[in-house]
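Inside the fold
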Amino acid sequence: MKAFFLGVDIFLCLMVFLCLYRVVFGPTLGDRIVATGAIGTKTLTILVIIGFLYGRVEMFLDISLAYALLNFIGTLAAAKYFEAKGEF
Amino acid sequence: MLRSRYQDIIAQTIVRIMVPFVQIYALYVLAHGHYSPGGGFQGGVILAASLVLIFLVYGYENALERLKLATAGRLCSLGVLIYAGIGFLCLLLGGNFLDYSRLAPIFQVSLPRARSLGILGIETGVALAVMAAMYSIIMDIVNSDTGNGESHAAGHEIENGETSSDGK
């Protein structure tokens, strides 16, 4: 079971790079914001799986909750900023 | 600009539901810092994040109504006072700075309990100071925003300048 979750973790890490490509070369700002949110969500899952691998899920759940909150605020702030600049 | 209200009913509803839970979570991080990742600084940052959430969605003036910059400055000083006060109280009682075991006779508790309570006390002070400082920094950055659409009355600039100098 641990090997399976390790494989899932490595796979998600590789997927992050695909999202990173969209963030760097994304044609529009919407692509970049959505890709940033997706990276945040993947990071959250990776954190919980790392917690499972280390056998301390409850600690990593705290970290991932805080990460999800900051990710939400970041996306909201970026959306508001670009809306105010009239880019959308 | 960034100071205005977020004209989106989804964001407003979500934030109105989320903010109390975020603040409860911040208090959990603060109080549970002995056993899990977290503590005063992290709890304060999450508390400040809830205020920033209110500011982002409900607008600059609405956030200032909830916590004025002058009040934030006083809260910041109060946090440092709690931290230093507990430290010097231990010093006055004959221990080292932040030597919590000396607080045991005051609270009428055992030594380990006194240490735990002392750490919780200084973490509370740190959380207050960090929350107020983060909030003031964000609000000052936004207030210095000189983009177009400056239809906000110039009176606000003067008023905010007064409160921030008052807070120091």
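One numbering rule holds for all chains: residues counted from 1, following each sequence as written. To label them, take the chains in the order written and letter them from A, then take the ligands in the order written and number them from 1. The model is predicted, so local features are restricted to residues of pLDDT at least 70 and side-chain atom pairs to those at 80 or more, both for listing and for counting; the totals for chains, interfaces and linings are taken over all residues. Calculation of side-chain values draws on the structure's entire complement of heavy atoms; hydrogens and water are dropped beforehand.

1. Considerations on the overall build of chain A
Helix and strand counts for chain A stand at three helices and zero strands. In this text, helices come from DSSP runs of H or I with a minimum length of four residues, and strands from runs of E with a minimum of two, each type numbered from the N-terminal end. Shown N-terminal to C-terminal, the secondary structure of chain A runs as helices and strands in the order α-α-α. Its C-alpha atoms give chain A a radius of gyration of 15 Å, clearly above 12 Å, the size a compact globule of 88 residues would have. Summarising its shape, the C-alpha atoms of chain A cover approximately 50 × 25 × 10 Å along the three principal directions. Two things to know: the radius of gyration comes from C-alpha atoms, and the globule rule equals 2.2 Å times the number of residues to the power 0.38.

2. Quick word on the environment of Phe41(B)
All names here are of chain B. Turning to its location among the elements, phenylalanine 41 is positioned in helix H2 (residues 40-58). Categorising residues by exposure relies on relative accessible area from a 1.4 Å probe, with only protein chains included: less than 20% of the type maximum marks a residue as buried, more than 50% marks it as exposed, and the intermediate range marks it as partly exposed. What makes phenylalanine 41 partly exposed here is its relative accessible area of 45%. For phenylalanine 41 and isoleucine 141, which are 100 residues apart along the polypeptide, the C-alpha to C-alpha distance reads 21 Å. Should any heavy atoms of two residues lie within 4.5 Å, those residues are considered in contact. Aside from chain neighbours lying at most four places away, what touches phenylalanine 41 is Val126, Val130 and Met134.

3. Some points on the nonpolar core
Among buried residues, the Ala, Val, Leu, Ile, Met, Phe, Trp, Tyr and Cys ones that are joined through side-chain atoms within 4.5 Å form a nonpolar core. Core analysis: the biggest nonpolar cluster contains 37 residues, and Leu76(A), Ile46(B), Phe55(B), Val57(B), Tyr135(B) and Met139(B) have the highest contact counts within it. Those elements that place two or more of their residues in this core are helix H3 (57-85) of chain A together with helix H1 (9-31), H2, helix H3 (60-66), helix H4 (69-92) and helix H6 (111-143) of chain B. With twelve residues, H2(B) is the single largest residue contributor to this core. What Leu76(A) contacts, discounting residues up to four positions off in sequence, is Tyr6(B), Ala11(B), Val15(B), Leu53(B), Leu56(B) and Val57(B).

4. Structural notes on the interface of chain A and chain B
Of the residues lining the interface, 15 residues belong to chain A; the matching set on chain B comes to 21 residues. Once two parts are brought into contact, the accessible area they lose, counted with a 1.4 Å probe and summed over both, makes up the buried area. A buried area of about 1,600 Å², summed over both sides, lies between chain A and chain B, and 78% of it is on carbon and sulfur atoms. Nitrogen and oxygen atoms within 3.5 Å of one another constitute a polar contact, given that in protein one can donate a hydrogen and the other can accept it, and given that sequence-neighbouring residues count only through two side-chain atoms. On inspection of chain A and its partner chain B, the count reaches four residue pairs in polar contact (both at pLDDT 80 or more). When residues are grouped by polarity, Ala, Val, Leu, Ile, Met, Phe, Trp, Tyr, Cys and Pro land in nonpolar, Asp, Glu, Lys and Arg in charged, and all others, Gly among them, in polar. Its residues placed into classes, the side of chain A that touches chain B shows 13 nonpolar, no polar and two charged.

5. Observations regarding H1(B)
Residue and element names in this part refer to chain B. Multiply 1.5 Å by the residue count of a helix minus one, and that product is the helix's expected span. Here H1 contains 23 residues, and its C-alpha end-to-end distance of 34 Å stays within 8% of the 33 Å for a straight helix at 1.5 Å per residue. Within H1, the axis deviates most sharply at methionine 18, by approximately 35°, and proline proline 20 lies no more than four positions further along. Residues of H1 that are buried: Ala11, Gln12, Val15, Val19, Val22, Tyr25, Ala26, Val29 and Leu30. A residue's bend is the angle separating two fitted axes: one through the seven residues that end there, the other through the seven that start there.

6. A short note on the environment of Tyr58(B)
Residue and element names in this part refer to chain B. Tracing the chain through its elements places tyrosine 58 in helix H2. You can call tyrosine 58 buried: its relative accessible area is 14%. On a C-alpha basis, the gap between tyrosine 58 and arginine 3 in space is 9.1 Å, while along the polypeptide they are 55 residues apart. Beyond its immediate chain neighbours, meaning those up to four positions away, tyrosine 58 contacts Arg5, Gln12, Val15 and Arg16. Reaching out from tyrosine 58, the side chain makes a polar contact with the backbone oxygen of glutamine 12 at a distance of 3.0 Å.

7. Quick notes on the packing of aromatic side chains
The relation between two aromatic rings is expressed through the spacing of the ring centres and the mutual angle of the planes. Only Phe, Tyr and Trp rings are paired, with Trp represented by its six-membered ring, and only when their centres lie within 6.5 Å; those with planes under 30 degrees apart are stacked, over 60 edge-to-face, the remainder tilted. The tally for this structure, following the rule as stated, stands at seven aromatic pairs over all chains. A ring pair is formed by Phe88(B) and Phe97(B), whose centres lie 5.2 Å apart and whose planes are at 70°; its orientation type is edge-to-face. It is Lys80(A) that lies over the ring of Phe55(B); its NZ or CZ is 5.3 Å from the centre. Counting as a charge over the ring demands two things of the Lys NZ or Arg CZ atom: a distance within 6 Å of the ring centre and an angle within 35 degrees of the ring normal.

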